[in-house]
Number of protein chains: 4
Amino acid sequence: MSGIFAVYHRDQEDAFEDIYFGLYALQHRGQETVGIATRQQTTRIKIGQNLVKDNFDLRDGDFLAGTMGIGFIENNRHSIEMPIVLDDAILTIDGLITNEGFTLLDLLNHLRQGGSACINYLQSLQGGFAICYMDHKGIIAMRDQKGIKPLTLGQRGTSTYVSSESCSIEAVGGEVLRDLAPGEIIAVTSDKTHIYPSADSPKVANVCAFEYIYFAREDSVMDGVSVYQARYAMGEETAREESHNFEEPTIVIGAPDSGLVAAMGYAHRAGIPYQQGFVRNHYVGRTFSRSGADTRKRDVKIKLTPIRANLEGKHVILVDDSIIRGTTIHQTVQDLRQAGAKSVHVRIASPPVINRSSRESGSISVPEREDLIAYRYSVEEIRKIIGSDSLAYLSLPGLKKACQNDQLYDPYFKENH
Amino acid sequence: MSGIFAVYHRDQEDAFEDIYFGLYALQHRGQETVGIATRQQTTRIKIGQNLVKDNFDLRDGDFLAGTMGIGFIENNRHSIEMPIVLDDAILTIDGLITNEGFTLLDLLNHLRQGGSACINYLQSLQGGFAICYMDHKGIIAMRDQKGIKPLTLGQRGTSTYVSSESCSIEAVGGEVLRDLAPGEIIAVTSDKTHIYPSADSPKVANVCAFEYIYFAREDSVMDGVSVYQARYAMGEETAREESHNFEEPTIVIGAPDSGLVAAMGYAHRAGIPYQQGFVRNHYVGRTFSRSGADTRKRDVKIKLTPIRANLEGKHVILVDDSIIRGTTIHQTVQDLRQAGAKSVHVRIASPPVINRSSRESGSISVPEREDLIAYRYSVEEIRKIIGSDSLAYLSLPGLKKACQNDQLYDPYFKENH
Amino acid sequence: MSGIFAVYHRDQEDAFEDIYFGLYALQHRGQETVGIATRQQTTRIKIGQNLVKDNFDLRDGDFLAGTMGIGFIENNRHSIEMPIVLDDAILTIDGLITNEGFTLLDLLNHLRQGGSACINYLQSLQGGFAICYMDHKGIIAMRDQKGIKPLTLGQRGTSTYVSSESCSIEAVGGEVLRDLAPGEIIAVTSDKTHIYPSADSPKVANVCAFEYIYFAREDSVMDGVSVYQARYAMGEETAREESHNFEEPTIVIGAPDSGLVAAMGYAHRAGIPYQQGFVRNHYVGRTFSRSGADTRKRDVKIKLTPIRANLEGKHVILVDDSIIRGTTIHQTVQDLRQAGAKSVHVRIASPPVINRSSRESGSISVPEREDLIAYRYSVEEIRKIIGSDSLAYLSLPGLKKACQNDQLYDPYFKENH
Amino acid sequence: MSGIFAVYHRDQEDAFEDIYFGLYALQHRGQETVGIATRQQTTRIKIGQNLVKDNFDLRDGDFLAGTMGIGFIENNRHSIEMPIVLDDAILTIDGLITNEGFTLLDLLNHLRQGGSACINYLQSLQGGFAICYMDHKGIIAMRDQKGIKPLTLGQRGTSTYVSSESCSIEAVGGEVLRDLAPGEIIAVTSDKTHIYPSADSPKVANVCAFEYIYFAREDSVMDGVSVYQARYAMGEETAREESHNFEEPTIVIGAPDSGLVAAMGYAHRAGIPYQQGFVRNHYVGRTFSRSGADTRKRDVKIKLTPIRANLEGKHVILVDDSIIRGTTIHQTVQDLRQAGAKSVHVRIASPPVINRSSRESGSISVPEREDLIAYRYSVEEIRKIIGSDSLAYLSLPGLKKACQNDQLYDPYFKENH
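Residues numbered from 1 in each chain as written. Chains lettered and ligands numbered in written order. Predicted model: local features only at pLDDT ≥ 70, side-chain atom pairs only at ≥ 80, totals over all residues. Heavy atoms only, no water.

### Examining the relation of the copies chain C and chain D
Point 1. Its rotation angle being 180°, the transformation that places chain C on chain D also includes 0.0 Å of axial translation and leaves an RMSD of 0.1 Å. The transformation relating the two chain copies, once decomposed into turn and shift, fits a two-fold axis. When each C-alpha of chain C is compared by its distance to the rotation axis, His282 of chain C comes out closest, at 4.0 Å.
Point 2. Comparing interface residues between copies, 100% of those in chain C also lie at the interface in chain D; the contact surface is shared. (Least-squares fit on C-alpha atoms with pLDDT ≥ 70 in both. Contact = heavy atoms within 4.5 Å.)

This is the structure we're talking about:
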């Protein structure tokens, strides 16, 4: 997963500041590398490891001059650093093009010739990807033919934005126009915006289900659906499908921080009080987990501490967004019991993950299939492993209903994919 | 405000790791300087600017050897860096001793002679303070005569802890024993714990009201009362005192992050749905606010973005813990309106702050009295300044009820102090 | 000016370590950006600001895996960061290609087709430059047709090196083979080295005179001549051309650190004692000069302090390599007088610089012509400006004799260039 | 070894800038910790690990306000960080007070009472030390009774300086007045300077021989003798005592960088050309040596590279200041042979070190006696170990003659100490 933020200012405004702030709003999509390239007469580029704040501040605008540019962040260190800069061109890709023999030089040669030259070429490209390219003529943006990866258009005055998520366009004071359609190419030049629609693509984007479940930021709206409201609705649907009768006193808490919104939805639908279960310590450094192994022995709680006063003597419904390996939720259940919970009932606001991404998508970086706990074990077995008193998952129809999209890209939940 | 964490291991365990993790759990009490001193045959000390994570990692244990030690964090750069180390003694003070002519050398001379030598001396000391001292004989801890500043005792096996807050003792796996009583001296040596009670002090600690309102961490229990539950109850009491009738659709949100718990209490008591109003971006650097002035102009939202999908067309009850200058809440109200809120009703879960700390306490660092918005303006005037549709504060009796302590140190809310 | 270091290991040895150490030995050629790209099946790249030590350590070898790669450092922040990586290709250029309409995409297209496809193309390229390219087939290295920029071949076992200077090849334990000839292309593949000589180019490289005067490191041998010995000989030639008779006691000192070797040569030839005139403080940070303006007022000496005991009462011959603007040498002369020198005689071991690089070379980044002190003033006027008792320059024939090359690239010293 | 720099500005000038620049000039005396304390009405202190430049810049003057203050650097991380600050007092000590039962609290109590109260107390203190103390009344400086540790007085206008070395006083534009005499106490107050001489102490300071050999900076003058000229004279004396006849071509080089000045003196006295043997790479980071073990295997030369063109075919006289363990010089000899030296003759410009500091001095931190190569082996054995063709040391009388002081503190060179 990665994030793109491009701006094309037609007035004389500098691009850097918008890109810089836009990347801050996309930081959840990647924390490993970050790069910004800008251009006017010359192209400038700066790329660094880790976070936006570790590499950039407003003074970088002196070097990164120019009225247009693209920023990029990603979650895994890539073999090739993005943005790619060559002569007057800047190129970024979120996702993976999976055709054999694909080269960036070919892609650049097509893009250099303009949007219309890319129509057939895009139709030949496989995978889940969003491409954003810029040269002296303007921006070319394109989205894979299924619409697996998100890409959004925005504007402010005479400026045009292209970004992975709407929240970043709003963060810089822009107006969100619309998402690119699956397989669509949009070429933005100094005087017009040219749209090259795809004849063959689905009308509704087969957007990756995990964008709603986990990836995207809660204040983004993706393909017409609020991410926050989708998550809240996942909680509500999970409560609607609930079959257990809970004794008093029962509280609902969210697994920090991925399950908080779904927990609110669950609590609201179930009519059970929502409480905060843990305090998160935001002062702990990123490097901390490395030494976690040692300190776990003595049960030192650094990042998360249960609020004993809330939990003691309670039946606790713990809502989370998903279970991948099961190690974190196991620790959470254990922490709740140590803090005095009488019982712990885990509710997952999405279906069991039994599949990593299919080869075609390149969409999500999950562990090998053998490491997925739901691929290897039944729900009852998982319950025993994580140590909870009960465990239930949201159904796939429930997920799609919550996301208001029955065309979600969802190979993760399917047996024979 | 600052934080103390001391450990005296009677076995051969190294002190550093407990202090290091304990300070992480106290980081909310200070972000400007941090220091750790340990001793066995020699005393070692390391002091740095900013956060624990900016200055220490587990490898520092090699240098900071020894089975006992004290860590200290504080919010303002101090004239004298703590812990103070001299010969075999380590000394820290949270708060202020306000006697004229007071010197640290005098204090050290008394402490060097042991707990009993400090009884009369402590009675002569004015202000709000917690002192933790250590030499080869053990720990001497003492709390000011009113109990304004908190100080807690804990143990694990044969080890003794002294800390500003219980959450830090729990974080390292210790058991919380009790708070020091007002004016009490406790001397912990290799074979016993000697208590020197104060004849003149109040039974119930006059603990600073702001510990419950804002300072302390939610998972701490202070003088017998859970900080989380006190804040939740402040929200409930605020709802109980509510006089307004709200139209549908109304939601309750907390001002991020200080008002979240009170907002949950308010929502629960009022029977109005609790929602998340903002997304906080945890990837933004600390240095950011410095450039805020420039970027505010164009209304760039970096640290906090409203969740438009939740707010549009809603009547919003915005709960916060307190108003000091009023600048932040004004911005928050404005952000909510821009995100489509039909009306914004501000509820403050504590009384108006019309006084900075009295001279005797040294307890809280608030602005000059002239900068306190509630000192200069009436509630209705404040409402206009912050731009909300209505504004109400919790009463002082309501606050004391929520904190279950009618002896709170509360000069902040009183006219003629 | 910049520096290239490439290695192609035909065995399974990792390339990173050689590149990392090789770049250390080239750091004098650039302190603004540094980048390393390596490849095996995938290409990895890391680029950073400032020095090698600020960006890399041996652990980077984990990420920068692969048996071949190229490192690059440069003195000015470039519009495009090098090495350039695209698909399986890595490209670096030291210097400037000055043809109008030149694009890197064209260059990459030629290089991708192999060395023979570049012969005519190279002949069409103008400027002073050294190119080093690598893809899965091996290395292609080429040097501009006049040989203005240096480029050297080396080997160790079955490994091949290409570098800007021989010192870096020796630093990693390699054997220096020879410099590339002007206009020569060398293609190194898994089984052979193919040479494409230039028919039209000069036999002896018109290597830039400033490589010997200032750029190159003293332990490099460039186009057959030791840089140290060239500088020592410049000092000797300067003494040979000396017309002044000095009184006793006279000493020779070098301007720190650029004039030290020439000063030794001068002292030896003149039979006058060589002494150290200044102590250089190597503990001062790089950022220091920024605040220099303020501190100069009070004449604080941080980086360089004169050794008063050596200078007091002496006639001092101060030898430097060149004068560009004249500000530094003026300060040095003043410092010597303040430290008690009876007279100061400046001797420059190269001719007056009256020209910046011609357009064709892109070879040296000197100030605008109007800022060159020797372009605007006569030798006697310069003497007055810098405040010395006498001033003399080495002649151009003397320089060429010292460098053992009468074909030096020398537009800097010529009137009508 | 450590360094002290104190300033007492009687006008309203801020102390920070002088201390900051003064410490830069003392950095060679310690690279492990650095601290600065300043005071006016309040005392401020900042202490950090590693170098001045790693911890301070001019902006620190905002926090470190005040017209007087003391800075301190030291070579080993100390158990107690200096400067020590307590109430209005600032205290630093270079060296060691070796009395049993000595406490800093006692020392502070005496100093607080003023210079006259310290006379008898100082006479009771054993060891080699220099003390600099400051409170609101001014400075108290004192030097141990033998004068083992250096301490110098300076002034500029109405300002007074106390520093470990004269070079730092000159660096900030001050005038060097004189060294403190052995056992002398100097109390500087707002209106006068009071001197408390020692009746019992030697007239000429028994200053530590290693100050001249290695510790002090070359531009310092210590107890009346220029450090540079002492080192040059050590080289001359070594040549004067020379018994070997060298064949042509012979050159003299200094071991980088400790032997350079002595090598010049040797070359001058012997009439043999002085040359530069190595290039030192100043761009290499401090952390580098840690990985040295690995890279040595492949003989990668990072910090120092021999200049082959100077060495090939030459008989090389390699001059160094001292041999402690012998590992460095062994590597240097080996490097010279690899670079083509026909023979390598090592000359040490001081006597064999057979003793670490006696208990009374605390003056020098050398390895355990068993690690001193000259304690365990004869000169001929050492020659074999380091692999040179010949080896000779300067005699102790020669050393004293070069330093113009026959009372040098010299236990390092004596059998039964």
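From this point, the discussion proceeds with the structure in view.
### A word on the relation of the copies chain A and chain B
Point 1. Overlay of chain A on chain B (RMSD 0.0 Å): rotation 180°, translation along the axis 0.0 Å.
Point 2. Counting the interface residues of chain A, we find that 100% of their copies in chain B are interface residues as well, pointing to one common contact surface.

### What about the domain arrangement of chain A?
Point 1. In terms of domains, chain A is made up of domain 1 (2-196) and domain 2 (227-413).
Point 2. The gap between the C-alpha centroids of domain 1 of chain A and domain 2 of chain A is 34 Å. (Domains from an automatic or database assignment.)

### Concerning helix α11 (residues 327-338) of chain B
Residue and element names in this part refer to chain B.
Point 1. Relative to the 16 Å expected for twelve residues at 1.5 Å per residue, α11 spans 17 Å between its end C-alpha atoms, a close match to the ideal helical length.
Point 2. Those residues of α11 lying buried are Ile329, Gln331, Thr332, Val333, Asp335 and Leu336.
Point 3. Backbone geometry just after α11 places Gly340 at a positive phi near 100°. (Helix = DSSP H or I, 4+ residues; strand = E, 2+ residues; numbered from the N terminus. Expected span 1.5 Å × (residues − 1). Buried < 20%, exposed > 50% of the residue type's maximum accessible area, 1.4 Å probe, protein only.)

### Notes on the packing of aromatic side chains
Point 1. Tallied over the entire structure, the rule returns 50 aromatic pairs over all chains.
Point 2. Seen from their ring centres, Phe16 of chain C and Phe56 of chain C are 6.4 Å apart, and the 40° between their planes marks the pair as tilted. With Phe16 of chain C in helix α1 (residues 16-24) and Phe56 of chain C in the loop between α2 (52-55) and β4 (68-74), this residue pair connects regions lying 40 residues apart in the sequence.
Point 3. By relative accessible area, which is 3% here, Phe56 of chain C ends up buried.
Point 4. Geometrically, the ring pair formed by Tyr412 of chain D and Phe413 of chain D is edge-to-face, given 6.0 Å between the ring centres and 75° between the ring planes. (Phe/Tyr/Trp six-rings, centres within 6.5 Å; stacked < 30°, edge-to-face > 60°.)

### Comments concerning the pattern of salt bridges
Two side chains of opposite charge can pair, provided their charged atoms sit close to one another.
Point 1. Going through the model one piece at a time under the given rule, you end up with 92 salt bridges over all chains.
Point 2. Here Lys149 of chain B and Asp94 of chain B are joined by a salt bridge, their closest N and O atoms 3.4 Å apart. Of this pair, Lys149 of chain B sits in the loop between β8 (138-143) and β9 (152-156) while Asp94 of chain B is found in strand β6 (residues 89-97), placing the two residues 55 residues apart along the sequence. Per residue, the accessibility class of Lys149 of chain B equals that of Asp94 of chain B, and both read buried.
Point 3. Of the charged contacts in the structure, one is a salt bridge between Glu312 of chain C and Arg308 of chain C, with a shortest N-O distance of 3.6 Å.
Point 4. Exposure remark for Glu312 of chain C: the relative accessible area of 47% places this residue in the partly exposed category.
Point 5. Arg308 of chain C gets classed as partly exposed once you look at its relative accessible area, which sits at 33%. (Salt bridge = Lys/Arg side-chain N within 4 Å of Asp/Glu carboxyl O.)

### Things to note about the interface of chain C and chain D
Point 1. At the junction of the two partners, chain C supplies 51 residues and chain D supplies 51 residues.
Point 2. For the pairing of chain C and chain D, the buried interface totals around 4300 Å² over both sides, and the portion due to carbon and sulfur atoms is 56%.
Point 3. Across the chain C-chain D interface, the total number found is two salt bridges.
Point 4. The partner of Glu170 of chain C in a salt bridge is Arg308 of chain D, with the nearest N and O atoms 3.3 Å apart.
Point 5. When contributions to the side of chain C that touches chain D are tallied by element, the ones reaching two or more residues are α1, α5 (166-171), α7 (227-240), α8 (260-270), β18 (304-306) and α10 (308-311) of chain C.
Point 6. Residue contributions to the side of chain C that touches chain D peak at five residues, all from α1 of chain C.
Point 7. The class makeup of the residues in the side of chain C that touches chain D is 23 nonpolar, 15 polar and 13 charged. (Buried area = accessible area lost by both parts, 1.4 Å probe. Nonpolar A, V, L, I, M, F, W, Y, C, P; charged D, E, K, R; others polar.)

### Some words on helix α8 (residues 260-270) of chain A
Point 1. Listing the buried residues of α8 of chain A in full gives Val261, Ala262, Ala263, Met264, Gly265, Tyr266 and Ala267 of chain A.
Point 2. Structurally, α8 of chain A contributes buried residues whose contacts are with α7 (227-240), β16 (250-254), β19 (315-320) and β20 (343-348) of chain A.

### A short note on the interface of chain A and chain B
It is common to give the size of an interface as the accessible area lost on bringing the parts into contact.
Point 1. Across the contact, 51 residues belong to chain A and 51 residues belong to chain B.
Point 2. With both chains or domains summed, chain A and chain B bury close to 4300 Å², and 56% of this area falls on carbon and sulfur atoms.
Point 3. Inspection of the region where chain A meets chain B yields two salt bridges.
Point 4. Counting every contact that joins chain A to chain B gives 23 residue pairs in polar contact (both at pLDDT 80 or more).
Point 5. Going through the elements one at a time, α1 (16-24), α5 (166-171), α7, α8, β18 (304-306) and α10 (308-311) of chain A are the ones with two or more residues in the side of chain A that touches chain B.
Point 6. Tallying contributions element by element places α1 of chain A first for the side of chain A that touches chain B, with five residues.
Point 7. Of the residues that constitute the side of chain A that touches chain B, the class distribution is 23 nonpolar, 15 polar and 13 charged. (Polar contact = N/O pair within 3.5 Å; in protein donor to acceptor, adjacent residues only side chain to side chain.)

### Here we look at the packing of helix α7 (residues 227-240) of chain B against helix α8 (residues 260-270) of chain B
All names here are of chain B.
Point 1. Between α7 and α8, whose axes approach to 7 Å, the crossing angle comes to 45°. As summarised for this structure, α7 and α8 are arranged oblique, according to the angle between their axes. Once α7 is placed against α8, the crossing between them reads as right-handed. Two secondary-structure elements touch here, α7 through Tyr228, Arg231, Tyr232, Gly235, Glu236, Thr238, Ala239 and Arg240 and α8 through Val261, Ala262, Met264, Gly265, Tyr266, His268, Arg269 and Ala270. (Axes fitted to C-alpha atoms, helices over the stretch in contact; angles between N-to-C directions. Parallel < 35°, antiparallel > 145°, perpendicular 65-115°, else oblique. Left-handed = near helix turned anticlockwise from the far one by under 90°.)

### Considerations on the environment of Ser226 of chain D
Residue and element names in this part refer to chain D.
Point 1. Among the structural elements, Ser226 can be located in strand β15 (residues 225-226).
Point 2. Each C-alpha atom, one on Ser226 and one on Gln404, is 9.9 Å from the other, the two residues being 178 residues apart in sequence.
Point 3. Only 3.3 Å separates the side chain of Ser226 from the backbone nitrogen of Tyr228, close enough to count as a polar contact.
Point 4. A polar contact is formed between the side chain of Ser226 and the backbone nitrogen of Gln229, at a distance of 3.0 Å.

### Some points on unusual backbone geometry
Point 1. Of note, the bond from Glu248 of chain D into Pro249 of chain D is cis; its omega dihedral lies within 30 degrees of zero at -10°.
Point 2. With respect to the helices and strands, the residue Pro249 of chain D is situated in the loop between α7 (227-240) and β16 (250-254).
Point 3. In the segment running from Pro256 of chain D into Asp257 of chain D, the intervening peptide bond is cis, with an omega of -15°.
Point 4. Following the sequence through the fold, Asp257 of chain D ends up in the loop between β16 and α8 (260-270).
Point 5. Non-glycine residue Asp223 of chain A carries a positive phi angle of around 50°.
Point 6. On the secondary structure map, Asp223 of chain A appears in the loop between β14 (221-222) and β15 (225-226).
Point 7. Among the residues examined, Asp223 of chain A registers a relative accessible area of 24% and is labelled partly exposed.
Point 8. The phi dihedral of Gln404 of chain B falls on the positive side, at around 55°, and the residue is not glycine.
Point 9. Counting through the fold element by element, Gln404 of chain B comes out in the segment after α14 (396-403).

### Some points on the sheet that holds strand β1 (residues 2-8) of chain C
Residue and element names in this part refer to chain C.
Point 1. Across the sheet, seven strands lie side by side as β3-β2-β4-β1-β10-β9-β11; this open sheet has antiparallel pairing. Unpaired on one side and paired on the other, β3 (43-49) and β11 (175-179) mark the two borders of the sheet. Ignoring which end each strand starts from, the neighbouring axes of this sheet average 15° apart.
Point 2. Examined bridge by bridge, β1 and β4 share seven bridges and lie antiparallel to one another. Its bridge partner being in β4, Phe5 is matched across the sheet by Gly71.
Point 3. Strands in contact with α1 are β1, β2 (33-39), β4, β9 (152-156) and β10 (159-163); relative to β2, the strand with the most contacts, it is inclined by about 160°. (Pairing = 2+ DSSP bridges.)

### What about the environment of Ala6 of chain D?
Residue and element names in this part refer to chain D.
Point 1. Take Ala6: it is sitting in strand β1 (residues 2-8).
Point 2. Residue Ala6 is classed as buried on the basis of its relative accessible area of 0%.
Point 3. In this view, Ala6 contacts Gly69, Ile70, Cys132, Met134, Thr160, Tyr161 and Val162; residues no more than four positions away in its chain are not counted.

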